[in-house]
Amino acid sequence: MPVPTAPPARIVIVGGSVAGARTAQALRSDGFSGELIVIEPEAGEAYDRPPLSKEYLTGSWSRTQLNLIPGGWAAVDATVIRACASGLDVQEHQVRLSDGQAIRYDALVIATGLSPRRLVADDGESIGHVIGTASDADAVREQLREGRHVVAVGGGFIATETASVARELGLTVTIIDRRSTLLERSLGTVVGAHIAATHREHGVDVRTDARIGSIRRDGSGALITLENGEQIQADVLVAGIGSEPNTAWLHGSGIRIDAGVITDARCRAFGAAGVYALGDVAHFYDVHSAKPRRVGHWTNAADQASVVAHNLLHPENPVGYREAPYFWSDQFGEKIQVAGHPDPDAHVDLLTLDGPAPRRVAIYTHGDDDGCGAVVTFGWPRGMVAARRLMPLEPTTAEMLVELEKLAAGARLASVG
Amino acid sequence: MRIEAKRHLCQSYGNCVAIDPEHLDLDDEGLVVVTRDSIGDGELATVQAGIRSCPVNALVLIEGE
């Protein structure tokens, strides 16, 4: 097959959340004038998901404030087909839809994201809420108005952010986490314990090392029995117990799947020409670690969108994706920001830096060469900007600390103007 | 062309500064500021990527000025 040199005439994007929306925008910004089709079952404009367990759940942000594309899909001249993709024929270059239609593509972008796992009650049916879509969040928000006791299951960001929102709304909250501390898998035990302490200070009943034995339906709520026999009644039950990549529609297509769609460093899927994958569903080749990595963070999806669009439109001059890992959370009015991939086994220094306003940071030292693997800031966005600027230079922990200490002491960021 | 920052929308995520430090920064309050508003030859793709990196669309490209 000859190396393609012209951009595709028709690009089909499956999935209309941040990865799909930002790819569509990047394609148009980069001059793509061909046909753009988006396959997305949810009605309405593309919306942003991180606020669903934060500002949107409290009610402080409206649905329109979540809109991802200024002017909506029309502004990027995209035709949105409201259907689920149910299959892919890479020989015929067609996406099959659940209603039987087939959509032909010249190039395909897989941006189908994740679906949250659900809790299962002792009757074998799923129980409780998840927060994956805006309608999921609407349902939780509705229940938070009436409920008294909110139980969040899981120790990750969905559970901790939901707990924070529920406390802000004045409700009683219990977190049931099977690990030894909150956010242990994402941030390790030192920072996890610090965040758990913040939750307890704000009145959250944090149960760690707590395993659920059974869940029984109890009116609109649930009665949870822990393995140690203890019972917890929930008016509102929210599960934040992880999620699965939406790849079922690709099974049997020849596209290589392993905990997501496997891609190379250029975000190209294996098993067919002209197929890309990005965002939460992509298990991409990470050039830092020389290993495949799947990242469920907003910034990863938006950054990969630029790479996918470029490679679709400039096949003669392709670029590789080099992740600059970053994510954030908002809990009890404080922005927690993370640069790098915190290794749960890293040595962690949790420090308060002196200055006009004392600054709390955590620095992760990975491996045995004193390399700074990750930085967490608490309510200090400028500190995070400084950390993100330094991270690509692969600083040691000492070098990172010097930079952050200077800034905390009152030094200005290096002028760029 | 120039970049306009709608500071009242800014949520201090800092993505834009990570992508386009030549034009953008966060101030002492953690809110976005445009440090240079002229867009040089070959900078447009980075400027647009910086704008897209904002989850709340606090940055806008103003054309024709």
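Residue indices begin from 1 for each chain and proceed along its sequence in written order. Numbering of ligands from 1 and lettering of chains from A proceed in the order in which they are written. The predicted origin of the model limits local features to residues at a pLDDT of at least 70 and limits the giving and counting of side-chain atom pairs to 80 or more, whereas totals for whole chains, interfaces and linings rest on all residues. Excluded from the side-chain calculation are hydrogens and water; included are all heavy atoms of the structure.

### What to know about the pairing of strand β21 (residues 282–286) of chain A
Residue and element names in this part refer to chain A. The condition is simple: We call a residue buried when its accessible area falls under 20% of the maximum for its residue type, exposed when it is over 50%, and partly exposed in between, using a 1.4 Å probe and counting protein chains only. In this description a helix means any DSSP run of H or I spanning at least four residues, a strand means any run of E spanning at least two, and both kinds are numbered starting from the N terminus. Pairing between strands is defined by DSSP: at least two bridges between them are needed.
β21 sits mainly inside the fold: 4 of its 5 residues count as buried. Pairing of strand β19 (residues 261–262) with β21, which is carried by 2 bridges, proceeds in the parallel orientation. Following the sheet pairing, Ile262 is matched in β21 by His283. For β21 and strand β22 (residues 291–294), the ladder comprises 4 bridges, and the chain directions are antiparallel. In the strand pairing of β22, Phe284 is matched with Arg293. In sequence, β21 turns back onto β22 through a hairpin of 4 residues, with Ala290 there showing a positive phi of about 55°.

### Considering the interface of chain B and chain A
Rules: Should any heavy atoms of two residues lie within 4.5 Å, those residues are considered in contact. Buried area: the accessible surface (1.4 Å probe) lost by two parts on joining, summed over both. The salt bridge definition used is simple: a Lys or Arg side-chain nitrogen within 4 Å of an Asp or Glu carboxyl oxygen. Polar here means any residue outside two lists: the nonpolar Ala, Val, Leu, Ile, Met, Phe, Trp, Tyr, Cys and Pro, and the charged Asp, Glu, Lys and Arg; Gly therefore counts as polar.
Every contact between the two is made by 25 residues of chain B and, on the other side, 28 residues of chain A. Of the roughly 2,100 Å² buried where chain B meets chain A, counting both sides, 50% is carbon and sulfur surface. Three residues, Tyr13(B), Arg52(B) and Pro55(B), lead the burial of chain B against chain A; their summed loss comes to 32% of the area buried on that side. Here Arg389(A) and Asp25(B) are joined by a salt bridge, their closest N and O atoms 3.6 Å apart. Mapped onto the side of chain B that touches chain A, the elements with two or more residues apiece are α1 (15–19), β2 (24–26) and α2 (44–52) of chain B. Considering each element in turn, the side of chain B that touches chain A owes the most residues, 4 residues, to α1(B). Along the lines of polarity and charge, the residues of the side of chain B that touches chain A split into 11 nonpolar, 9 polar and 5 charged.

### Here's the deal with the sheet that holds strand β1 (residues 10–14) of chain A
All names here are of chain A. The condition that has to hold: Note on method: axes are straight lines fitted to C-alpha atoms, helices fitted across the in-contact stretch only, with angles between N-to-C directions ranging 0 to 180 degrees.
Strand order in the open sheet formed by 5 strands is β3-β2-β1-β7-β20, and the pairing between neighbours is parallel. Two strands in the sheet have a free side with no partner beyond their single neighbour: β3 (78–81) and β20 (275–277). For this sheet the average axis-to-axis angle between neighbouring strands, irrespective of direction, equals 20°. Pairing of strand β7 (residues 107–110) with β20, which is carried by 3 bridges, proceeds in the parallel orientation. Paired with Leu108 across the two strands is Val275, which belongs to β20. Along the sheet face, helix α1 (residues 18–29) touches β1, β2 (35–39) and β7 and points at about 160° away from the line of β1.

### Some remarks on the UniProt feature "domain: FAD/NAD(P)-binding" (unreviewed entry) in chain A
Let me state the cut-off plainly: UniProt positions are given in the numbering used here, feature names are shortened, and annotations may be inferred rather than shown by experiment.
Mapped onto this structure's residue numbering, the UniProt feature "domain: FAD/NAD(P)-binding" (unreviewed entry) falls at residues 10–305 of chain A. In this annotation, residues 10–305 of chain A is assigned 24% helix and 30% strand; the end-to-end C-alpha distance for the span is 17 Å.

### Details of the confidence of the model for chain A
Heads up, the condition is: A residue's pLDDT is simply how confident the predictor is in it, with values from 0 to 100.
In the predicted model, chain A carries a mean pLDDT of 95, and the fraction of residues at 70 or more is 97%. Confidence drops under pLDDT 50 across residues 413–417 of chain A; counting only partners more than four residues distant or on other chains, this segment forms 13 contacts.

### As for the nonpolar core
Residue and element names in this part refer to chain A. Heads up, the rule is: The set of buried Ala, Val, Leu, Ile, Met, Phe, Trp, Tyr and Cys residues whose side-chain atoms join them within 4.5 Å is what this entry labels a nonpolar core.
Counting residues in each nonpolar core, the largest one holds 84 residues, and the members touching the most others are Ile11, Ile13, Leu27, Trp73, Leu144, Met400 and Leu404. In this structure Ile11 touches Leu27, Phe32, Glu35, Leu36, Ile37, Ala107, Val109 and Leu312, once residues within four positions along its chain are discounted. The next biggest cluster of nonpolar side chains, apart from the first, holds 25 residues, and it includes Ile39, Val90, Leu108 and Ala269.

### Observations concerning the environment of Gly124(A)
All names here are of chain A. With respect to the secondary-structure elements, Gly124 resides in the loop between β9 (119–120) and β10 (126–127). By relative accessible area, which is 53% here, Gly124 ends up exposed. Sequence-wise, Gly124 and Ile215 are 91 residues apart; in three dimensions their C-alpha atoms are separated by 9.9 Å.

### Some points on the packing of α1(A) against helix α7 (residues 298–313) of chain A
Residue and element names in this part refer to chain A. Quick note on the threshold: Any angle that falls under 35 degrees is termed roughly parallel, while one over 145 is termed roughly antiparallel, one within 65 to 115 roughly perpendicular, and all others oblique. Should the near helix be turned anticlockwise from the far one by less than a right angle, the crossing is left-handed, and should it be turned clockwise, the crossing is right-handed.
Following both chains from N to C, one finds α1 and α7 inclined at 40°, their axes separated by 8 Å at the closest point. Taken together, the axes of α1 and α7 are oblique relative to one another. Once α1 is placed against α7, the crossing between them reads as right-handed. Judged by residue contacts, Val18, Ala19, Arg22, Thr23, Ala26 and Leu27 of α1 engage Trp298, Ala301, Ala302, Ala305, Ser306, Val308, Ala309, Leu312 and Leu313 from α7. Classifying every residue of the contact of α1 with α7 gives 12 nonpolar, 2 polar and 1 charged.

### Section: the domain arrangement of chain A
The condition that has to hold: A domain assignment, automatic or from a database, supplies the domain bounds used here.
Here chain A is described as being made up of domain 1 (10–115 + 243–313), domain 2 (118–239) and domain 3 (333–412). Distance from the C-alpha centre of domain 1 of chain A to the C-alpha centre of domain 3 of chain A: 32 Å.

### Re unusual backbone geometry
Notably, Cys267(A) is not glycine yet its phi reads approximately 70°, a positive angle. Position of Cys267(A) relative to the elements: it lies in the loop between β19 and β20. Given a relative accessible area of 0%, Cys267(A) falls into the buried group. Non-glycine residue Ser12(B) carries a positive phi angle of around 65°. Inspection of the secondary structure assignment puts Ser12(B) in the loop between β1 (2–5) and α1.

### A word on the UniProt feature "domain: Reductase C-terminal" (unreviewed entry) in chain A
UniProt annotation of "domain: Reductase C-terminal" (unreviewed entry) refers to residues 326–391 of chain A when read in the numbering used here. Secondary structure across residues 326–391 of chain A comprises 15% helix and 55% strand; the distance between its end C-alpha atoms is 11 Å.

### A look at the side chain of Asp264(A)
All names here are of chain A. Spelled out, the test is: Whenever two N or O atoms come within 3.5 Å, that pair is a polar contact, provided that in protein one can donate a hydrogen and the other can accept it, and provided that, for residues adjacent in sequence, both atoms are side-chain atoms.
Within the secondary structure layout, Asp264 lies in the loop between β19 and β20. Judged by relative accessible area, which is 14%, Asp264 ranks as buried. One polar contact links Asp264 to Arg268, side chain to side chain, over a distance of 2.8 Å. Dropping the residues within four chain positions of it, Asp264 is found in contact with Phe270 and Tyr285.

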